[in-house]
Every structure is written in C-alpha cells, then in structure tokens.
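# Understanding the architecture of this molecule
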Amino acid sequence: MKDKGLGSNGIGSLIFHTLFMIFIIAPLAVIILVSFSDKGYISMPFDGVSLRWYRAILDAPELMNALWISIWIGLGAATVASLVAVPAAIAIARYRFAGRDALMALLLSPLMIPHVVLGVAFLRFFSLMGWSGSFMALLLVHALIVVPFSLRLTLGAIIGLSRDAELAARSLGASRWVAFRRILLPLILPGVAGGWVLSFIQSFDEVTMTVFIATPGMTTLPVALYHRVSMLTDPVTTSVSAIMIVGTMVMMFILDRLVGIDRVLIGKK
Amino acid sequence: MSDASARTGSQPWLLSFPSIALFLGLLVVPLALTAILSFNVFDSMAGTQDEFTADNYIEILTDRYYFELFLRTALMSGGVTLLCILVGVPETIILSRMQPRYQGIFFVMILGPLLISVVVRTLGWSILLGREGLINRALVELGLIQTPLQLMYSMTGVVIALTHVMLPFMVIAVWSTLQKLDGQVADAARSLGAGSFTTFRRVILPQLLPGILSGSIIVFTLSASAFATPALIGGRRVKVVTTSIYDEFLSTMNWPLGAAIAILLLIGIACVVMGSNRIIERKFKQVFS
Amino acid sequence: MSTLTLRGLAKTYAPNVRAVKSIDLEVQSGEFVSLLGSSGCGKTTTLQMVAGFVAPTAGQVLLDGRDVTYLEPDKRDMGVVFQSYALFPHMTVTQNVRFGLEMRRLPESEIKERVAEALSMVRLAGLDDRYPSELSGGQRQRVAIARVLAIRPRVLLLDEPMSNLDAKLRGEMHVELRGLQRRLGITTILVTHDQVEAMTMSDRIAVMANGTIAELGTPQEVYDIPATEFAFNFLGQSNTITGKVLGHDDSFTQVRVGSSTINIPQRNAGLAGDVRFFIRPERLMLTSPETGIITGRVATRLFLGNTWTYEIDSPLGRLRVIKVNTRGGQPQEGDQVGIKWNEADMQSASEEIAHV
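For every chain, the first residue of the written sequence is number 1, and numbering continues from 1 along that sequence. Chain letters and ligand numbers both follow the written order, the letters beginning at A and the numbers at 1. Local features in this predicted model are restricted to residues of pLDDT 70 or higher, and side-chain atom pairs are both shown and tallied only at a pLDDT of 80 or more, whereas totals for entire chains, interfaces and linings draw on every residue. Only hydrogens and water are set aside when side-chain values are computed; all heavy atoms of the structure are taken into account.

## Let's talk about the overall build of chain A
Threshold: Where helices and strands are cited, they refer to DSSP runs of H or I of at least four residues and of E of at least two residues respectively, numbered from the N terminus. Partly exposed describes any residue whose relative accessible area lies between the buried limit of under 20% and the exposed limit of over 50%, with all areas from a 1.4 Å probe on protein chains only and scaled to the type maximum. In what follows, a contact means two residues having at least one pair of non-hydrogen atoms within 4.5 Å. Note on areas: Shrake-Rupley with a 1.4 Å probe; residue coverage comes only from the protein chains shown. Working convention for charge: Lys and Arg count positive, Asp and Glu count negative, and His plus the chain ends are omitted. Each charge is placed at NZ for Lys, CZ for Arg, CG for Asp and CD for Glu.
Tallying secondary structure elements over chain A gives 12 helices and 0 strands in all. Listing every helix and strand of chain A by position from the N terminus yields α-α-α-α-α-α-α-α-α-α-α-α. Each of the three principal axes of chain A carries a C-alpha extent, and together these read 70 × 60 × 30 Å. Counting only residues that meet the buried cut, chain A has 58% of its 269 residues in that class. Sequence separation of 24 or more characterises 70% of the internal contacts of chain A that already satisfy a separation of 6 or more. Accessible surface, chain A as shown: approximately 10,700 Å² in total, 69% of it carbon and sulfur. Positive and negative charge centroids in chain A, built from 20 and 13 side chains respectively, lie 13 Å apart.

Given below as structure tokens:
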C-alpha cells in the first residue's frame, strides 16, 4: 500500500497487533488443541495426546449423516445459485433497463434480512406446503441465501470487462450463445468459480436459518453441532470443529488461487 | 456503448427470470406469509387460529419484558460495535502501515475466520470462557482474581465472543476507506505545520469516519440478528431477541407471537440501516462523493 | 467487393437524446470513407449501427442493395477493428485469427492457409502462439487487423483503430493500412477524430457534427472548398472575417470590411447583408507594406520549427498567417507588413446561412 501519511508502527503498535492476533486465533487454536485430548470431557490443558475423538466421529452417525447432508446441500445450493445468479449478473452488467436497481436490491436482500427472520419465514412456509424435512426445499432456500455471494463475485468479474471482445466475436460470425460460451464465460470463469466456492462455504456454514427448518433426519452439520454443543460438552464437537476449520482453510486456499482471497473477503473490484 | 437493449428489450428479463422466480417463490411469499402469521390469534390449547388480531404487537409493545428484551439486544449490539471500533480501527491502521507481504498474511488470518462456521468459533469461546477455562485459569495464576469469573452465560461473555465474530467486518469497512486516502493530503497538513497527532486527528480520522460508520452499521445489525453465539454463550440467562424468537417457535410454539417479534426485529434493523444511511448521506455526501 | 448504403439512418436514445439524426451515405465498392468528427458527434454510433451492434431507430443499412438493417451482427460479414482491439485475451494470436474462420466452419486446411496469409499480410508471422498480453500495442493492432482480414469481410469497419498507438507508429500504420486496403479492394469505413488520419487515408471524408454529416467530399474538397462554416473551423485553421455585401458580379461577390472592399468568389448569389467569410492562414502571404492588398502590424509571432505563426492586426481584424520558415529575415513583432492573397482563396460558406 502506498504511504497514507500514517507514519510507521512503533513498539506499542506491535504489542497491540500481537494481542489482537492472539484474540483472533485463540478460540480456533484452542479447539484444535482440545480435539487431541485423551480426556473424556473438554478440558484445557490436558496431559495425553490421542486421536480418540476423531475416531469417535465415526461412531456418531447423526454427525456423519449431517456432514453428508451439508456437503450435498452445499454443492447443490452453490450450483443452483450460480445457475440463476450468472444470467442475472449478465443482465445487470450488460443492460440498462427499468427495474435494474430493484432487481439488484432483491437479489442482494438475503444479506440484509436477519437469518432468524428467514428461518421463521421458511419454517412457516414449509409447514404450510408440507415441505418439512424435504432435502430439495432445504437445498433451494440455501441456494436463495447464497445467491448474493455468487452474484457479487460474478458481477465483479463482468464489470470492468469491455464488451468489445463479445462484439468482435459477434461480428466475426459467432451467435449470441457461441459468443457467451467461447468469449464471455471463459473470461468471467474465475469470478463464477470463486462465487461458487464462496457460496458453498456460506451454505455449509449456515446455522441461524437452518436451525429453524432442520428436522431430526434432515439436519446440516453446523445445526447438529449446535444442538450437541448446547446440550452437552463432549469433545467430539471439538474434533468435528477442527476438521471444519481445516476444511475451510483448504477452501480458502482454492478461493485464493481462483480469484484472490482479498477480493472475495473485501469485495473490491 | 451499452446499448443493444433497444432491439432486445426482453433479454435482461429472460436472463434474470430464473433468479426472480426463485426469489418471489421462496423469499417474498414466505416473508408475506410470516407477516400475515404475526396477526393470527394464538390459543394455548388449540394453537394458531385463522382469525386476525393486533394483540401480538400490542403485547410486545406494552409488556416490560419485551421492552427489556429489545433494550438488552440493542445494548449488546452497541457494546459489540463500540469494542469493534476501539479494537478494529487501530488494528486496521497498524495493518496499513505494514509491508504488503505481511499485510497479506495477517489479512487472511483476520478475515479467514469469517468463512468458519460461527458455531465452531463460538465453541472455541465457550472453552476459553468457562469457569475452568483458559482465561479464568490465567487470571487466577496471575493473581489478578481470587475466584473464577462467571463469563459463560453472562452478557460479558456474549459481547466478547460476538466481538470476535464481528471484528473482521469492521476491519474490512475501515480498510476500504483507508485505501482511498491520498497520502499527499497528510503531507500537505504536515507541511502546513501540523504535528503527526494533529494530522491524524484533524485530517486522517475525519476521512476514515464514513468507513467507521458503515462498519458500525454492519456490526450493529449483524450483532442484533446473531443467534448461535448469544444462544450458546448466553444460554437461558442472557436472552436476546433472536433467541426468544427461537423459543417462541420451537419451545412455546406460539408462532404468531414469534412471527411478530421477528417482524419487529426486521423493521428495527431496517430503521437502523436507513437512519444511519441518511445521516451518512447528509453529512458526507457533499464531501466524499 | 461490396457497396454500402446508409439511408436516413438515425438513433434516438431515451426520449430526446438523438445520437444520430439522419445519415445518408453511399460507399462505393472498394472505397475508403472516413467519418470524421469530435466525440459525441454520432460517428461511433453510426458505425455500430452498420456493424449491427446497435439497432437504428429509423433508416436503413443496405449491403449491395440488400437490406441488412436488422440483421444480427454475426450474419453481416463485416470486419470490425475496435479502438481497444478487442482481442480475446484467453486465446493465442493464431486462435484469435482462426475464430472467425471456425465460425464459418471452413475446412481445417483452408483455415490454416488463411490464418498464415492474414498474419503475413500484417507482417506478424512468428508470433502465432503468443497471448495478447505478451504483445506490444502495435502488434496487438496487427492481430486485430489480421483477424478481420482472415474472414475476407465484405466491409471493413475501423473504429478509431490507431488512437492507442504513439505518433510515429500511427503514421506508419496509416500508410500500411491504406496500402492493404487498396490492394485488397475492401470497402472501408473509418471512424476517427484525427484529421490527419482521415486526410491521409480516405478517398472521401464525411465530416460529422451533431449527429449529421456536415460535409462530404474528397479530403481536398472538404479542406479547400468546404460548404459549411463548421468545416472551415473544424478542419485545420481559418480566419473568420465579417463584412457587408455590396453586390455581385459574374464571378465575385464584393464585401465591405471597414474601409476595404474584398472580392470573394461567388458561390451564393443570394448572399446579402452582413456575412462571414473565411481564409486559411497558409493562404495569406506576408509582403512589404507597399505590395500588399492590405497592411497590418505584427502583434505576436510563434516559432514552430518548420513554420512561423503570425497574428497580425489589420483592417480586416486580427488575422493569423502561417509562413514557411524560409531562409532570410522574418518580420518582427511591431513591424508593419503587407498581406496579400489569391482572391480565389477567400471563401464564403455556400450552404449554411452565412448571414451574421
């Protein structure tokens, strides 16, 4: 970053920064540490190191079941979200039409509406429609709440991309569809893929809305984890969490390769 | 350049049709149904009735219990926001002074937790905050306290854990305004005779204010709508709006009342966002446009 | 090759935003026509309507007499070279040039042949596997040209193709592109704001202003004997003189300016009253005060290397004179000088109302 006239970091700044980083890392680090405990309850510190709580995950069928549901919901929701958000992003970026701002506001609204409210709304809706416990229903509402992420990253890729290349392709004889498939899509693919990965993560992590509409047989991992944590302090929760932390780090690495992590998190153009 | 719309007027609508269908069917309709539900009569024996009443709202708006509930939520969110400003703003400034290489590393470390499930992060805090947890042990070891503090199931604990969850949003908001700062402005202030502290207070800080404000709006509204952290750290003792909505829906089963609280939360948050946006626009529009 | 006809072509954006009012233009087969104008004059919109990127609000585009006004751009066989070059960044040079040929589903052997031919035409052989980001600005432009030449377009549309090149390269490209166009005999429209570019390359120039063609003719015609006051001022430099018409004879109109009477060639017998007329600074000559048609005093002079630009206070008002930097003495500021000219070079605008 260019000099902003803020001077340089003194010793006080470095101490502040160190404490800050400890504050940020501590809760995550403590989970990973405790997950290797050999004790039967959550404790810190502990004496012996063991993998018993990782093996214990395999004996918790409801967690394994929830993990698979979360993965499938995440894959499905991210895909559906991309399928609806990419065309919408093209419409918003490439056309000037009445209602464009309203469309944008509508598609971003899941970011503004508290997830508790969404959870309540979907609970009511599903119970009226008889969709409670439906995998497809859960997948579709997850798709809905991650659309903003897919939309924003796709828009970021399209805006700033000159239309000339597509027009050139058209005048060279490409139909609309060929121009999209061979020119626009390859050029925005990193953004679309980044949006897909971010959508998957957001869907996989979602708990506040899902806790309202999950049913005993149709529960996502964060919700299963939430119920387990709220009821008993059992070290299996730490090993599951540790895996989720590592899994997220892997996803972050992928995101960084695709679009640059700062772009995803800060949302700059 | 951006034409092609004249001949193809229907094209943007065709492109956005799938998303609009999804949002109308699965967002607008459910929200409308919830709004209707909030006016339904609830009977503790027979459940939700098809008759309409404003009693749910009247109860919430007149009962002291709900007043305290909303006040507690607002105070919690305000506390988290204040802490995020006090901690996040200096940290962002420190970050901006670092070399790009370190900036990148610390950014990923600070913002990365955003992508980790909030349940996981909250679990980490419940381990740290417990009576036998790391924080209490450290404080006792250091001789700062005699008996362990009650951090779990307390407002303090909730605010600490929520601050951890929300800090990245403040850092992002302040960082994006910092990026727009022109270093020459500070140089100009210095050359006009201002010391480094005066330069910061009178020249740099005012330019950061819009970022701090927009970060505060995000942090405040997300705190007020946070569920997992207050539920797990605060438990039954520290009830906030979101956890009481959960209880109305899944324990008491008084759905109309729960729906009314949810609608009020939505309205409250919308008011905060729009109100602050208006302030931002009025105060900063002409300066920072 | 092909003949391109524009008939009453117009584009209105939103109510009352008329980007192009009405364009009538006939481009002959193999002809090179420039649309010259400043930004906002409607030249780019016109080109986009010809290319099929923008649908006209009114009027027609005819290609060899066939109406293509609402034909999709991919069905027009027009080659467009963009200001930004619009190369496909994810494709190599070869892939870029192949693209149009693949769209035409030509056999592989012919594609190879035509790509090689097009690349050699723009003298770009040997860079086949480079990506656009690995090329210089000049090379990118050559790829963009090769890409459209490969499809052997019926009409070549150039949208400010040289504006991103430095001055020297631009000059070279003018010559090269003009040579290619002549050799291949491609009907071409160039959109540009650069007068020199339009003059050096075109068979005819259409000077555009406010969404219409203000002036149409060969480069020499539009420069030397423009019909409109706009063209006098837009192309090159010009002195504007105001006077009162005294009368007409067979070949001249007499105009009174102050105490002098000036003859200007008669182009409009209806001219009367107060009028404006024009003369180019390089058509005014400095002489000794005795031999001039009028005399004046040098107010300022500017040295430009090959020429001097003089501002002279005269009975006709302040006149600008451009004088080649020849050997020998140059008048100084404050000197009395004579000014003379060939009467044929004094001009009035023939079409527009020249009345003050």
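After that view, the rundown keeps rolling.
## Description of the packing of aromatic side chains
Residue and element names in this part refer to chain A. The cut-off we apply is this: Pairing of aromatic rings covers Phe, Tyr and Trp, the last counted by its six-membered ring, and requires centre-to-centre distances within 6.5 Å; plane angles under 30 degrees mean stacked, over 60 mean edge-to-face, and any other angle means tilted.
Applying the stated criterion across every chain yields a total of 25 aromatic pairs over all chains. A centroid spacing of 5.3 Å and a plane angle of 35° characterise the contact between phenylalanine 36 and tyrosine 54, whose relative ring orientation is tilted. Taken as a pair, phenylalanine 36 in the loop between helix 1 (11-35) and helix 2 (52-58) and tyrosine 54 in helix 2 lie far apart in primary sequence, 18 residues in all. Judged by relative accessible area, tyrosine 54 falls into the partly exposed class, the value being 22%. Seen in terms of ring centroids, tryptophan 196 and phenylalanine 200 are 6.0 Å apart; in terms of plane orientation they differ by 15°. Their pairing is stacked. A residue pair is termed a helical-turn pair when its members lie 3 or 4 positions apart in one helix, as tryptophan 196 and phenylalanine 200 do in helix 8 (residues 176-205) at 4 residues.

## Let's talk about the UniProt feature "transmembrane region" (unreviewed entry) in chain B
Residues and elements named next belong to chain B. The test is simple: UniProt positions are given in the numbering used here, feature names are shortened, and annotations may be inferred rather than shown by experiment.
Here the UniProt-annotated "transmembrane region" (unreviewed entry) positions come out as residues 12-37, 69-93, 105-130, 150-175, 208-233 and 253-275. Taken end to end, residues 69-93 has its terminal C-alpha atoms 36 Å apart, with 100% of it in helix and 0% in strand. The annotated region residues 150-175 carries 81% helix and 0% strand content, and the separation between its end C-alpha atoms amounts to 35 Å.

## Digging into the packing of helix 4 (residues 100-108) of chain A against helix 6 (residues 135-158) of chain A
All names here are of chain A. Put simply, the test is: As a rule, the C-alpha atoms of each element are fitted with a line to give its axis, helices using only the stretch in contact, and angles between N-to-C directions run from 0 to 180 degrees. Each angle receives one of four descriptions, namely roughly parallel if under 35 degrees, roughly antiparallel if over 145, roughly perpendicular if within 65 to 115, and oblique otherwise. The residue classification treats Ala, Val, Leu, Ile, Met, Phe, Trp, Tyr, Cys and Pro as nonpolar and Asp, Glu, Lys and Arg as charged. All others, Gly included, are polar.
Contact geometry for helix 4 and helix 6: axes closest at 8 Å, N-to-C directions at 130°. On the basis of their axis angle, the class for helix 4 and helix 6 is oblique. For the pair helix 4 and helix 6, the contacting residues are Met104, Leu107 and Leu108 in the first and Val147, Pro148, Leu151, Arg152 and Leu155 in the second. When its residues are assigned to classes, the contact of helix 4 with helix 6 shows 7 nonpolar, no polar and 1 charged.

## Regarding the UniProt feature "transmembrane region" (unreviewed entry) in chain A
Residues and elements named next belong to chain A. Cross-referencing UniProt, the feature "transmembrane region" (unreviewed entry) maps to residues 12-36, 67-90, 102-123, 135-162, 183-201, 207-226 and 238-255 in the present numbering. In this annotation, residues 12-36 is assigned 96% helix and 0% strand; the end-to-end C-alpha distance for the span is 35 Å. Along residues 67-90 one finds 100% helix and 0% strand; the C-alpha atoms at either end are 34 Å apart.

## Details of the nonpolar core
Condition: Here, the term nonpolar core denotes a set of buried Ala, Val, Leu, Ile, Met, Phe, Trp, Tyr and Cys residues that are joined through side-chain atoms within 4.5 Å. Where each domain begins and ends follows an automated or database-derived domain assignment.
Leu151(A), Phe212(A), Tyr226(A), Ile245(B) and Phe249(B) are the most contacted members of the largest nonpolar core, which has 163 residues in total. By residue number, the principal contributor to this core is helix 3 (residues 61-94) of chain A, which donates 15 residues. Residues lining this core come from more than one domain, with at least three contributed by each of domain 1 (1-50) and domain 2 (60-266) of chain A. Apart from residues lying up to four places away in sequence, Tyr226(A) is in contact with Val207(A), Val211(A), Val119(B), Phe227(B), Ala228(B), Ala231(B), Leu232(B) and Tyr246(B). In this structure, Ala169(A), Leu4(C), Met91(C) and Leu124(C) belong to the second largest nonpolar core, which totals 77 residues.

## Side note on the sheet that holds strand 20 (residues 347-348) of chain C
Residues and elements named next belong to chain C. Threshold: In this analysis, strands are considered paired if DSSP registers two or more bridges between them.
One open sheet holds the 5 strands; their spatial order is 13-12-11-14-20, and the pairing between them is antiparallel. What marks the edges here is a single partner per strand, and that holds for strand 13 (260-265) and strand 20. Pairing between strand 11 (residues 239-248) and strand 12 (residues 252-257): 4 bridges, direction antiparallel. Looking at the pairing, lysine 244 lines up with arginine 256 of strand 12.

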